[in-house]
Each structure stands twice: as C-alpha cells, then as structure tokens.
Amino acid sequence: MKNLIYILLLGLFLYSCGSTKNRKLGDSQINEDTVRIANDSLEYEIIIIEPGFNLFINSVAKPEGYYSQQYLENKNQLLVSEYNQRVRQPQVYNPDLYLQEINYDPSIDYGYEVNYLLYNYFVYFSRHYNQRFSVPTRI
C-alpha cells in the first residue's frame, strides 16, 4: 500500500512538471515589463526592460505631475553620473546590475515623461536591488 502511494505521488510530480514545458511566453507578457520612450525629432530613445517596473510605476510611484521637471532633471543628472561611475568600476560594483552607461545630456530638454520614468527607474532600481546612491531616491 505504501509503495502504491509513493508511485502515485511520483507520477503526480512527473505529470505536474511535464504540463508546463509547452507554455510559451507571449508578446503581451514580454511587453508588460518593457517601457519604451522615443522622440524622433531629438533622436533619443529609452528602453527599460525590467520585470516589475510597470507594476511599480502603476502602484507605488508618485503620479505624474507630483514632481516638477526641474526637480527630476536635477536628480537625474546626479543619479546618472553616479550610475555611470559604477558602470566604469566593475571590480567594485556588480557588473550584472550596472550593465552599460546611460547617455543623459543635461543640456537637452527630454521632457517631463522621460525624466519622470528615468527618476522612477532609479527609485525602483535602488529599492529592488538594495542599492544606495549618494542622492536619496525616495517616493
């Protein structure tokens, strides 16, 4: 009787593992974690591919309009500078977190939406990966 229960449990385990192997990740699931902002006239594009970032923007982050554009630009300039310094020091900072530099030119007016999403990405990044920047990232 014990052997029959063990065989049934083993069979159930194997069946449950096999039932998920044909599941495909659809485009809608991939796009849920991708934020793309582009402006052809200024020739810039920001693509944020981070699982959970859209959920963070929609549920945790302060709403658009909460911060002024000047506030966001000042924060982003400092945060991008520190982030890029960390990218250049892979022996000190985790290169899996700091993949590539962010090209942010403070003399370009990227508009409110780009600055809002970039700042909130830094807030998300610091909270999700437990990273501390010299500039506080609060919400």
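Residues numbered from 1 in each chain as written. Predicted model: local features only at pLDDT ≥ 70, side-chain atom pairs only at ≥ 80, totals over all residues. Heavy atoms only, no water.

## Quick notes on the environment of E101
Short version of the rule: Strands are runs of DSSP state E lasting at least two residues, helices are runs of H or I lasting at least four, and both sets are numbered from the N terminus onward. We call a residue buried when its accessible area falls under 20% of the maximum for its residue type, exposed when it is over 50%, and partly exposed in between, using a 1.4 Å probe and counting protein chains only. Contact criterion: two residues are considered in contact whenever any of their non-hydrogen atoms come within 4.5 Å of each other. Polar contact is defined as a pair of N or O atoms within 3.5 Å, subject to the rule that within protein one atom must be able to donate a hydrogen and the other to accept it, and that residues adjacent in sequence are counted only when both atoms are side-chain atoms.
Looking at where E101 falls in the secondary structure, it is placed in the loop between helix 4 (69–87) and helix 5 (112–128). With relative accessibility at 41%, the residue E101 sits in the partly exposed group. Residues E101 and Q85, spaced 16 residues apart in sequence, show a C-alpha to C-alpha distance of 8.4 Å. In contact with E101, not counting residues within four places along its chain, are N84, V87 and R88. Side chain to side chain, E101 and R88 meet in a polar contact 2.9 Å long.

## Observations regarding the pattern of salt bridges
Rule in force here: Every case where a carboxyl oxygen of Asp or Glu lies within 4 Å of a side-chain nitrogen of Lys or Arg is listed as a salt bridge.
Tallied over the full model, the rule gives two salt bridges. Residue E82 pairs with R86 through a salt bridge whose shortest N-O separation is 2.9 Å. Of the two residues, E82 and R86 are both situated in helix 4; the distance of four residues between them amounts to about one turn of the helix. With a shortest N-O distance of 2.9 Å, R88 and E101 are connected by a salt bridge. Separated by 13 residues along the polypeptide, R88 in the loop between helix 4 and helix 5 and E101 in the loop between helix 4 and helix 5 bring together distant segments of the chain.

## As for the confidence of the model for the chain
Detailed conclusions should not be drawn from predicted coordinates in areas where pLDDT is low. Filter applied, for reference: pLDDT is defined as a per-residue confidence score from the predictor, taking values between 0 and 100.
Residues of the chain with pLDDT of at least 70 account for 68%, and the chain-wide mean is 79. Predicted confidence in the chain is weakest over helix 2 (residues 27–31), with a mean pLDDT of 43, and strongest over helix 4, with 96.

## What to know about the packing of aromatic side chains
Definition in use: Pairing of aromatic rings covers Phe, Tyr and the six-membered ring of Trp, with a centre-to-centre limit of 6.5 Å; geometry is then stacked below 30 degrees between planes, edge-to-face above 60, and tilted otherwise.
The full count for this structure, using the stated rule, is 19 aromatic pairs. Between the aromatic rings of Y98 and F125, the centroid separation amounts to 5.3 Å while the plane-to-plane angle is 70°, which identifies the pairing as edge-to-face. Linking Y98 in the loop between helix 4 and helix 5 with F125 in helix 5, this pair joins segments that are 27 residues apart in sequence. Its relative accessible area of 3% is what places Y98 among the buried residues. Considering the side-chain rings of F122 and F133, the 5.8 Å spacing of their centres and the 85° angle between planes classify their relative orientation as edge-to-face. Here F122 is found in helix 5, whereas its partner F133 is found in the segment after helix 5, with 11 residues between them in sequence. Residue F122 is classed as buried on the basis of its relative accessible area of 0%.

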